[in-house]
Amino acid sequence: MSAVSSPNSPITPVFRCAHKETARWDAERDTDTLFQNHSVEEIRKIERTTRKDIQLKKEELRQMVGERYRDLIGAADSITDMMRCCKQACYHANQFYVFN
């Protein structure tokens with residue numbers, strides 16, 4: 001099991017098992033620990049940092065999905081072009097066969 005945490009986050013890291021599933025964690029316990037160990041101002045700063053990290057991850061995910069979508073559309077266009085080319089090649093091969 002290995003710990004995965006944000007470098008900017010002082011909260012308890014999420015643990016990942018060898019089979020890549022996220023282990024369960026107790027949010028209430030982590031929240032209690034956070035309030036016991038930090039002032040209100042520090043917690044507000046942590047919240048801002050966490051919200052910023054969430055927004056950055058959302059944008060990163062949107063960009064990744066967008067890139068994959070463009071890749072998929074490009075592949076579909078290539079397949080359509082190959083199909084058109086194959087049909088033309090078959091047509092010309094048949095025409096060659098008919099005239100010979």
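Look up: the structure comes first, before these words.
Residues numbered from 1 in each chain as written. Predicted model: local features only at pLDDT ≥ 70, side-chain atom pairs only at ≥ 80, totals over all residues. Heavy atoms only, no water.

Q: Hey, could you go over the overall build of the chain for me, with residue numbers and the actual values?
A: Of the regular secondary structure elements, the chain holds two helices and two strands. Scanning the chain from its N terminus toward the C terminus, one meets helices and strands in the order β-β-α-α. Per-residue burial for the chain yields a buried fraction of 6% across its 100 residues. By sequence separation, contacts in the chain at least 24 residues apart represent 16% of the contacts at least 6 residues apart. Split by element, the accessible area of the chain, about 9100 Å² in all, is 58% carbon and sulfur. (Helix = DSSP H or I, 4+ residues; strand = E, 2+ residues; numbered from the N terminus. Buried < 20%, exposed > 50% of the residue type's maximum accessible area, 1.4 Å probe, protein only. Contact = heavy atoms within 4.5 Å. Areas by Shrake-Rupley, 256 points an atom, 1.4 Å probe, with all protein chains shown as cover.)

Q: Give me the state of the cysteines: which residues, what numbers.
A: Taken as a whole and judged by the stated rule, the model has zero disulfides. Free cysteine: Cys85, not disulfide-bonded; nearest cysteine sulfur from Cys86 at 5.8 Å. (Disulfide = S-S within 2.5 Å.)

Nothing here speaks to function; it is all geometry.
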